[in-house]
Amino acid sequence: MPRMQLTKTMIIDTALSLAEQQGYEAVTMANIARSLSIKPPSLYNHFKNLEEIKHEMAEMAQIQLYDALKGTEQTAQPLLSLAKAYVHFGSSHPGLYASSLPGGTGEVGEKLVQLIADGLTAFSLDETEEIHAIRGFRSMLHGFIDLNKHAGFKLDVDLERSLEHMVGIFERGIKS
């Protein structure tokens, strides 16, 4: 039987699949190797360590997050549209979402931040205020995703309405 021609892309795709199916914590050299039916040392022919794999995972996951958000900042309610798409992605793809978090300094990370900045243009913020608003917005959405993932919303109130209300409060806060 011919040996499999292992590639970096195969390794990253496998790692992302593991994150999606079993959680980000399940992404280990041993689990990746097991999923590929290879021995762990074979992975070191392509990557120095797990950190390097997770960096590549972050870039790939950010591309998918960016694709899910692209265009939402051009709607009548850009922050609400961004929020809904962001929360939907994070809730529908928890492993990909978790994989996207360790990055943020590359080109795609900058494009994600720019999408949110574009959604804030109506507020005429200076550069520092815009940075604070972007950080606050992302933190708010991350908290919403995380609480929902851990069943932290047990009250009988529609989650989408809560998200809409939360974004409205955020927007009013920026205006003041």
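Turning our attention to unusual backbone geometry. Backbone geometry at Ser37 places phi at a positive 55°, although glycine is not the residue there. Among the secondary structure elements, Ser37 is positioned in the loop between α2 (29-36) and α3 (50-69). Judged by relative accessible area, which is 69%, Ser37 ranks as exposed. Unlike most non-glycine residues, Ser124 shows phi in positive territory, near 45°. Mapped onto the elements, Ser124 comes out in the loop between α6 (107-119) and α7 (127-149).

It is worth spelling out α6 at this point. Here α6 contains 13 residues, and its C-alpha end-to-end distance of 19 Å stays within 8% of the 18 Å for a straight helix at 1.5 Å per residue. Buried residues along α6 sit in contact with α3, α4 (78-92) and α7.

With the rule as written, the count across this model stands at 4 salt bridges. For Asp67, the salt bridge is made with Lys70, and the minimal N-O distance between the two is 3.6 Å. On the accessibility criterion, Asp67 (45% relative accessible area) is partly exposed. For Lys70, a relative accessible area of 49% translates into the label partly exposed. What emerges from the salt-bridge pattern is a single network uniting Lys84, Glu160, Arg161 and Glu164.

Cut-offs used in this document
Residues numbered from 1 in each chain as written. Predicted model: local features only at pLDDT ≥ 70, side-chain atom pairs only at ≥ 80, totals over all residues. Heavy atoms only, no water. Helix = DSSP H or I, 4+ residues; strand = E, 2+ residues; numbered from the N terminus. Buried < 20%, exposed > 50% of the residue type's maximum accessible area, 1.4 Å probe, protein only. Expected span 1.5 Å × (residues − 1). Contact = heavy atoms within 4.5 Å. Salt bridge = Lys/Arg side-chain N within 4 Å of Asp/Glu carboxyl O.

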